[in-house]
Amino acid sequence: MSGHGTPIPMTSRKVTALKGVANVPGDKSISHRSLILGAMSVGETRITGLLEGEDVLDTAKAMRAFGAEVTDHGGGEWSVYGVGVGGFAEPEQVIDCGNSGTGVRLIMGAMATTAITATFTGDASLNGRPMGRVTNPLAEFGAQAYGREGGRLPMTIVGAREPMPVRYVVPVPSAQVKSAVLLAGLNAPGKTVVIEKEATRDHTERMLQGFGAELTVEETDEGRVITLTGQPELQPQTIVVPRDPSSAAFPVCAAILTEGSDVLVPNIGLNPTRAGLFTTLKEMGADLTYENLREEGGEPVADLRAKFSPDLKGIEVPPARAASMIDEYPVLSVVASFAEGATVMRGVKELRVKESDRIDAMAKGLRAAGVEVEEGEDWWIVHGRGHGNVTGGVTVESRLDHRIAMSFMVMGMATEKPMTVDDGGPIATSFPIFEPLMAGLGAAITRSHQ
Ligand code: S3P
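About the thresholds
- Going along each chain's sequence as written, the residues are numbered from 1 onward.
- Under the rules for a predicted model, residues below a pLDDT of 70 receive no local features and side-chain atom pairs below 80 are neither given nor counted, while totals for whole chains, interfaces and linings still include all residues.
- The basis for every side-chain value is the complete set of heavy atoms in the structure, and neither hydrogens nor water enter the calculation.
- Proximity is defined per residue: any heavy atom of the residue falling within 4 Å of a molecule or strand makes that residue near it.
- By the criterion applied in these results, polar contacts are pairs of N or O atoms within 3.5 Å in which, for protein atoms, one can donate a hydrogen and the other can accept it, and in which residues neighboring in sequence qualify only through two side-chain atoms.
- Under the convention used here, a 1.4 Å probe and the Shrake-Rupley method define accessible areas, while residue burial counts only the protein chains that appear.
- Within this scheme a cavity is a closed region of a 1 Å grid, computed over the protein atoms alone, that accommodates a 1.4 Å probe without allowing it to escape, whereas a pocket is open but has protein on both sides within 12 Å along at least five of seven lines; lining residues each have an atom within 4 Å of a point.
- Just a note on the criterion: a molecule sits in a pocket or cavity if more than half of its atoms are within 2 Å of the grid points.
- The way it works is that DSSP assigns letters per residue, a run of H or I at least four long becomes a helix, a run of E at least two long becomes a strand, and they are numbered from the N terminus.
- When residue character is reported, Ala, Val, Leu, Ile, Met, Phe, Trp, Tyr, Cys and Pro are called nonpolar, Asp, Glu, Lys and Arg charged, and the others, Gly included, polar.
- In this document the domain limits rely on a domain assignment from an automatic tool or a database.
- For Phe, Tyr and Trp, rings pair up if their centres lie within 6.5 Å, where Trp contributes its six-membered ring, and each pair is then called stacked (planes under 30 degrees apart), edge-to-face (over 60) or tilted (otherwise).
- Exposed residues in this analysis have more than 50% of their type's maximum accessible area, buried residues have under 20%, and partly exposed residues fall in between, with area computed by a 1.4 Å probe over protein chains only.
- Any two strands with at least two DSSP bridges between them are considered paired.
- A pair is scored as a salt bridge if a Lys or Arg side-chain nitrogen falls within 4 Å of a carboxyl oxygen belonging to Asp or Glu.
- Two residues form a contact once any of their heavy atoms are found within 4.5 Å.
- By buried area we mean how much accessible surface two parts lose on assembly, using a 1.4 Å probe and totalling the loss over both.

(A) Region of the structure containing the site of the ligand. Lining the immediate environment of the ligand, one finds Lys28, Ser29, Arg33, Thr102, Pro173, Ser174, Ala175, Gln176, Arg201, Ile326, Asp327 and Lys354. Ser174 places a polar side-chain atom, nitrogen or oxygen, 2.7 Å from an oxygen atom of the ligand. In the model, an oxygen atom of the ligand is placed 2.8 Å from a nitrogen or oxygen of the Gln176 main chain. Expressed as a share of its isolated accessible area of 380 Å², the protein-covered part of the ligand is 96%. Structurally, the ligand is housed in the second largest pocket. Mapped by element, the contributors of at least two residues to the shell around the ligand are helix 1 (28-39) and helix 5 (175-185). The dominant element in the shell around the ligand, judged by the number of residues it contributes, is helix 1, at 3 residues. Class assignment for the residues of the shell around the ligand results in 3 nonpolar, 4 polar and 5 charged. Of the residues that make up the shell around the ligand, three or more belong to each of domain 1 (10-26 + 243-447) and domain 2 (28-229).

As structure tokens, this is what we get:
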């Protein structure tokens, strides 16, 4: 499990002319959901292009513990023989979700309306994150949660014996909370209604419809109203997982920041609930183009071409865009460091409860590298120094957070002196091929101190 092994310090040195094709791994959000919905359908779901990062492998293990037959056929081909809605067995052991908030929150939802009990734990990062946002709505279905102070893991969920459908207004913009409620609603009779004021990633809604559930979405004055009819028989599916835009962000930003670079990142899902970073980069003046724009499996997909962009400008990122790029703010703050002027990011309180407090983690590292950063509870401003003017030459903490580690590795490709992270191990949770993929483009990342 990530974060429990020996730390792996990684150093990234200045490079030029990153070139080539970056085939990034499958989408993390869609990979988790494919395994969970596969386990809740009746019969065999086939999955191609599954992300084989630690987070998703922990979810695969968990689905086995709840009684599904999950088989790795090699090369990203997986199958899940599901047990049906309400068919989960009681696990014999504690479910360890490693570093994954998505894994634990979605699985808690999926089991909470079945009359079984399960205990969940994770690594030091996950065990510090708030679970009340999920256990509060699950209590309305009739499930009980017994965790540590502050609603933290390890935590035991006693599933509802006679679940009631709920109507729940999600209080924070969170696809994990929305998805936990919808998955719990699957085994409640009648209609479960989830209302979100701000649209968050909609993979759960799309996939539930794909698996044959009756689910409608209405845009109303109250927000997005999602209505799910409980106790369907989910039909197994054949799923082709698109490549992850959140992983694409790293080679894209690396190319934008390094002189002479030209990188193609093929087959990236551009679902509007996920693509906010790319819009933002273009507004900053990045040379980023969508080639071969097409539809695949009902989702917009394109090949992204990113080239060195010497004249980046700081911008104010619209807060309404935050949910569509919530995982990309760390690497955006790196790009912002090399822009002229300030990049203002507001409405991003959620960044404080990710795998780490991402505003704090990035602000500390950026300041150490010579960049001025201002911050408040739900905002931060990065004062860019312009291309070629960022010193670097420091070791920063990755805090068990894959995206913090990768962001500083991208930064080191453009700073005068190398950047080191104390532990690059967590990168394996979402992007296990990060080092060879970046090396293939011409990056100089080594597993050692500078
Ligand atoms: C995810 C939702 C987001 C995101 C996470 C993946 C998902 O979290 O940060 O990486 O797959 O539903 P929140 O729902 O907590 O915003």
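(B) Structural context of the packing of aromatic side chains. On inspection of all chains with the given rule, the structure shows 3 aromatic pairs. Here the aromatic rings of Phe66 and Phe88 are separated by 4.9 Å at their centres, their planes lie at 25°, and the arrangement is stacked. Separated by 22 residues along the polypeptide, Phe66 in the loop between helix 2 (54-65) and strand 4 (69-74) and Phe88 in the loop between strand 5 (77-83) and strand 6 (95-96) bring together distant segments of the chain. The exposure classification of Phe66 matches that of Phe88, with both residues buried. Ring geometry for Phe431 against Phe434: centres 5.4 Å apart, planes inclined by 70°, an arrangement best described as edge-to-face. The exposure classification of Phe431 matches that of Phe434, with both residues buried.

(C) Structural context of the sheet that holds strand 9 (residues 152-158). Taken in spatial order, the 4 strands of this open sheet run 6-7-9-8, and their pairing is mixed. Two strands bound the open sheet, and with one partner strand each, they are strand 6 and strand 8 (144-148). One ladder, built from 4 bridges, connects strand 7 (residues 117-121) with strand 9; its direction is antiparallel. Paired with Phe120 across the strands is Met155, a residue of strand 9.

(D) Region of the structure containing the pattern of salt bridges. Per the counting criterion, the structure on display carries 34 salt bridges. Between Glu375 and Arg352 there is a salt bridge, with the nearest N and O atoms lying 2.9 Å from each other. Here Arg352 lies in the loop between strand 19 (340-346) and helix 10 (358-368) and Glu375 lies in strand 20 (residues 372-376), a separation of 23 residues in the sequence. We classify Glu375 as partly exposed; its relative accessible area is 27%. Salt bridges here are not isolated pairs; linked through shared partners, they connect Arg129, Arg201, Asp327, Glu355, Arg358, Asp401 and Arg403.

(E) How the structure looks around the domain arrangement of the protein chain. Domain parsing of the protein chain yields domain 1 (10-26 + 243-447) and domain 2 (28-229). The C-alpha-based centres of domain 1 and domain 2 are spaced at 29 Å. Taken together, the contact between domain 1 and domain 2 spans 22 residues of the former and 24 residues of the latter. Buried area between domain 1 and domain 2, both sides added, is near 2000 Å², and the carbon and sulfur share of it is 46%. In this assembly, domain 1 and domain 2 are joined by 3 salt bridges. One salt bridge connects Arg133 with Glu350, and the closest N-O pair in it is separated by 2.8 Å.

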